[in-house]
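Tertiary structure, described
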Amino acid sequence: MTSLNFDERVAIVTGAGRGLGRSHALELARRGARVVVNDVGGSVNGEGASVDAAQAVVDEIEAIGGTAITNHDTVSTADGGRAIVGAALEAFGRLDILVNNAGIIRDKAFHKMDEVMIDAVIDVHLKGALYVTQPAFTHMREHRYGRIVNTSSASGLFGNFGQANYGAAKAGIAGLTRVLALEGASYGIAVNAIAPIANTRMTEGILGDLTSRVSPASVSPVVAYLAHEDCKANGSIYSVAGGRVAKIFVAETTGSVISALTAEEVRDQLSAIEDAANYHEPDSLAAATSIIADALAN
Ligand code: NAD
């Protein structure tokens, strides 16, 4: 079995000062990638800043013989995104891999969630992924090669009480993944996402019995595969926790074509409409539209 190495490759991992990002950065560096360890070094709620977390990870990478630099720009502004990508290009002259991982939480039941909590979380997760990816994607497109790994969450894909801001941002990241997978496909760019569960400060005290089984290190091998040239996936989202890997996919039921559609018909035929015994898994809006056209033609 040949091993997956990243010799010559350059990676950015955002939010790599601790938790999952630190683990991804170490995994990529151990396999030969030169890594930009980006982190603002704030609290789990996104308050404060420190250069220590990113520096500690760079020290760890250098201790195992790897190459890495720190970067402390925020992902949540367009200037920050450009500076993070610029740091990779300035230090290493190229960029092959972007792992969008930086994140914060500001949980609250929706009726009590204020504007600051909404903006802070959307800014770091959703705008952060857009702002860092855009200059990276432009560079990768010009060089006709790239691997982007986004970080979504079961919170947004399946729902979670108290995380309207976070879940909306994480579902948005899934949408971004799907769109960029299409835009990058003919330029050698693969864009995928993980929805991880791991024992980090973000999940402190909430994982119960799972805590000891779901280390960040048990997630990073999937990131390494998705970041590698050998990656066959594009536009896919994987649930990853404790060594378990599963595909999360967006599908629609075969549905019902109801000639005289009324609210009452919807009520009476809801179970047929929702019957998931057969389903389609369109990989684009065009594919979804063509399924509708076929159904209406029959
Ligand atoms: P963590 O708090 O340990 O790490 C997040 C890192 O992101 C921190 O080091 C933080 O300083 C950094 N960061 C925050 N805002 C930033 C910004 N504006 N710019 C740059 N860096 C910033 O949390 P984690 O659990 O390792 O989370 C990593 C990612 O995984 C997040 O996107 C999180 O939402 C996602 N996630 C985690 C879990 C889990 O179970 N831990 C589950 C689903 C998704």
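What counts, and at which threshold
- Residues numbered from 1 in each chain as written.
- Predicted model: local features only at pLDDT ≥ 70, side-chain atom pairs only at ≥ 80, totals over all residues.
- Heavy atoms only, no water.
- Pairing = 2+ DSSP bridges.
- Helix = DSSP H or I, 4+ residues; strand = E, 2+ residues; numbered from the N terminus.
- Axes fitted to C-alpha atoms, helices over the stretch in contact; angles between N-to-C directions.
- Contact = heavy atoms within 4.5 Å.
- Salt bridge = Lys/Arg side-chain N within 4 Å of Asp/Glu carboxyl O.
- Buried < 20%, exposed > 50% of the residue type's maximum accessible area, 1.4 Å probe, protein only.
- Phe/Tyr/Trp six-rings, centres within 6.5 Å; stacked < 30°, edge-to-face > 60°.
- Lys NZ or Arg CZ within 6 Å of the ring centre and 35° of its normal.
- Core = buried A, V, L, I, M, F, W, Y, C linked by side-chain atoms within 4.5 Å.
- Domains from an automatic or database assignment.
- Near = heavy atom within 4 Å.
- Polar contact = N/O pair within 3.5 Å; in protein donor to acceptor, adjacent residues only side chain to side chain.
- Nonpolar A, V, L, I, M, F, W, Y, C, P; charged D, E, K, R; others polar.
- Patch = residues over 30% accessible without salt bridge, like charges linked within 9 Å, V, L, I, M, F, W, Y side chains within 5 Å.
- Areas by Shrake-Rupley, 256 points an atom, 1.4 Å probe, with all protein chains shown as cover.
- Parallel < 35°, antiparallel > 145°, perpendicular 65-115°, else oblique.
- Left-handed = near helix turned anticlockwise from the far one by under 90°.

What to know about the sheet that holds strand 1 (residues 10-13)
- Overall, mixed pairing links the 8 strands, which are arranged 3-2-1-4-5-6-7-8 in an open sheet. Looking at the sheet topology across the chains shown, the edges are occupied by strand 3 (67-71) and strand 8 (244-248). Strand-to-strand twist in this sheet, taken as the mean axis angle between neighbours without regard to direction, amounts to 20°.
- Pairing between strand 1 and strand 4 (residues 97-99): 3 bridges, direction parallel. Across the sheet, Ala11 pairs through a bridge with Ile97, a residue of strand 4.
- The strands touched by helix 2 (residues 52-63) within the sheet are strand 2 (34-38) and strand 3, with strand 3 carrying the most contacts at an inclination of about 175°.
- The strands touched by helix 3 (residues 78-92) are strand 1, strand 2 and strand 3; relative to strand 3, the strand with the most contacts, the crossing angle is about 145°.

Concerning the pattern of salt bridges
- Tallying each qualifying case throughout the model produces 10 salt bridges.
- In this structure, Asp123 and Lys127 form a salt bridge, with 3.4 Å as the shortest nitrogen-oxygen distance. Linking Asp123 with Lys127, this pair stays in helix 4 (residues 115-143), spanning 4 residues, or about one helical turn.
- On the basis of relative accessibility, which here comes to 24%, the residue Asp123 falls in the partly exposed class.
- When salt bridges with common partners are traced through the structure, they connect Arg9, Arg94, Asp96 and Glu229 into a single cluster.

Concerning the environment of Ile118
- Mapped onto the elements, Ile118 comes out in helix 4.
- Among the residues examined, Ile118 registers a relative accessible area of 31% and is labelled partly exposed.
- Measuring from C-alpha to C-alpha, the distance between Ile118 and Gly32 comes to 38 Å, with 86 residues separating the pair along the chain.

Regarding the packing of aromatic side chains
- Here the structure, examined in full by the defined rule, presents 1 aromatic pair.
- Cation over ring: Arg9 sits above Tyr145, and NZ or CZ is 4.1 Å from the ring centre.

Concerning the nonpolar core
- Among the nonpolar cores identified, the biggest contains 32 residues, and Ala25, Leu28, Val35, Val37, Ile61, Ile194 and Leu226 are the most heavily contacted of them.
- Looking at which element gives the most residues to this core, the answer is helix 1 (residues 19-30), with 5 residues.
- Leaving out residues up to four positions away in the same chain, Ile61 has contacts with Ala25, Leu26, Ala29, Val37, Gly66, Thr67 and Ala68.
- With 29 residues, the next largest nonpolar core counts Ala88, Ile105, Met140 and Leu180 among its residues.

Quick look at the domain arrangement of the protein
- Its domain assignment divides the protein into domain 1 (10-248) and domain 2 (252-297).
- Computed over C-alpha atoms, the centres of domain 1 and domain 2 are 35 Å apart.

Considering the site of the ligand
- Taken together, 29 residues surround the ligand, and among them Asp39, Asn101, Tyr166, Thr200 and Arg201 come closest.
- A distance of 2.8 Å separates an oxygen atom of the ligand from a polar backbone atom of Leu20.
- When contributions to the shell around the ligand are tallied by element, the ones reaching two or more residues are helix 1, helix 4 and helix 6 (164-184).
- Considered class by class, the residues forming the shell around the ligand number 11 nonpolar, 14 polar and 4 charged.

A short note on a nonpolar patch on the surface
- The grouping of Val257, Ile292 and Leu296 at the surface amounts to a nonpolar patch, some 300 Å² of accessible area in total.
- As for its position among the elements, Ile292 is in helix 10 (residues 285-297).

Digging into the packing of helix 4 against helix 6
- Between helix 4 and helix 6, the least distance of the axes is 8 Å, while the angle of their chain directions is 15°. Regarding the angle of helix 4 to helix 6, the classification is roughly parallel. In the packing of helix 4 onto helix 6, the handedness of the crossing is right-handed. Taking contact as the criterion, the partners of Met117, Ile118, Val121, Ile122, His125, Leu126, Ala129, Leu130, Thr133 and Phe137 in helix 4 are, on helix 6, Asn165, Tyr166, Ala169, Lys170, Gly172, Ile173, Leu176, Leu180, Glu183 and Gly184.
- Taken together, the residues of the contact of helix 4 with helix 6 sort by class into 13 nonpolar, 5 polar and 2 charged.

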